[in-house]
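Fold and geometry: a report
What follows is the residue order along each chain.
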Amino acid sequence: MSELDTIDHAILRILQQNGRISNADLAAKVGLSPSACSRRVDILEKSGTISGYHARLAHKALDYQIMVIVHISLSGQFAKTLTEFEAAVKLCPNVLVCYLMSGEYDYILRVAAKDLQDYERIHRDWLSALPHVVKINSSFSLREVIDRPNVGI
């Protein structure tokens, strides 16, 4: 999709706030017929502008009390090294986010843990076992200030 117009932006803003809105209600809010609105949403999905829909879960309600920011250094940044690390880190269910970075560390991860003992298990069984890891630096979140699920449109 090359250009998003004002109606596309309106659709995206509304869907970010309520991904479960009915097509009829969405169409009414953006001033389109339901069929035209459905076509627009389909185009936004097929183009990758809308990458998916999900329920946002409260980690603490699921007993994940600790959020850990983990900095990882690898033995090198060869294509094979990065590919092997990325394939392995995707298997760890407690890793919520993984970024390939520039700068001092190769990757930054956001990891959810139930408590310190759970993080010790994750560190021992998962993070330390990841291929090509030479350094792990863990920082524990004291309090979440903002975790914005939506981007400004």
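Quick note: structure is the one above.
In this report, we go over the structure that sits alongside the text. Since the model is a prediction, treat every value here as computed from it, not as a measurement.

1. Side note on the sheet that holds strand 4 (residues 133–140)
Within the open sheet, the four strands sit side by side as 2-3-1-4. Their pairing is antiparallel. Unpaired on one side and paired on the other, strand 2 (95–100) and strand 4 mark the two borders of the sheet. In this sheet, adjacent strand axes meet at a mean angle of 20° when their direction is disregarded. With seven bridges joining them, strand 1 (residues 66–74) and strand 3 (residues 107–113) adopt antiparallel strand pairing. Pairing of Ile72 across the sheet is with Tyr107, part of strand 3. Its contacts with the sheet place helix 4 (residues 79–89) against strand 1, strand 2, strand 3 and strand 4, and it is angled at close to 165° to strand 2.

2. Here's the deal with helix 2 (residues 23–30)
Restricting attention to buried positions, one finds in helix 2 the residues Leu26, Ala27 and Val30. Summarising the axial view, the buried residues of helix 2 lie within an arc of 100°, below the 170-degree limit, and thus occupy one face. Of the exposed residues in helix 2, the ones pointing more than 90 degrees away from its buried face are Ala28 and Lys29. Looking at the buried positions of helix 2, the neighbouring elements they touch are helix 1 (6–17) and helix 3 (34–46). Note on helix 2: the residue one or two positions beyond its end, Gly31, has a positive phi of about 80°.

3. Quick word on the nonpolar core
Counting residues in hydrophobic clusters, the biggest one holds 19 residues, and the most contacted among them are Val70, Leu109, Val111, Tyr119 and Leu127. When contributions to this core are tallied by element, the ones reaching two or more residues are strand 1, helix 4, strand 3 and helix 5 (116–127). It is strand 1 that provides the largest number of residues to this core, a total of five residues. Dropping the residues within four chain positions of it, Leu109 is found in contact with Val68, Ile69, Val70, Ile72, Val89, Val95, Val97, Cys98 and Leu127. Ile11, Ile14, Val30 and Ile50 belong to the second-largest nonpolar core, a separate cluster that totals 13 residues.

4. A closer look at the pairing of strand 1
In terms of burial, strand 1 is largely enclosed, as eight of its nine residues are buried. Bridge count between strand 1 and strand 4: seven bridges; the pairing is antiparallel. Directly across from His71, in strand 4, lies its bridge partner Asn137.

Cut-offs and rules
- Residues numbered from 1 in each chain as written.
- Predicted model: local features only at pLDDT ≥ 70, side-chain atom pairs only at ≥ 80, totals over all residues.
- Heavy atoms only, no water.
- Pairing = 2+ DSSP bridges.
- Helix = DSSP H or I, 4+ residues; strand = E, 2+ residues; numbered from the N terminus.
- Axes fitted to C-alpha atoms, helices over the stretch in contact; angles between N-to-C directions.
- Contact = heavy atoms within 4.5 Å.
- Buried < 20%, exposed > 50% of the residue type's maximum accessible area, 1.4 Å probe, protein only.
- Arc of directions from axis to C-beta.
- Core = buried A, V, L, I, M, F, W, Y, C linked by side-chain atoms within 4.5 Å.

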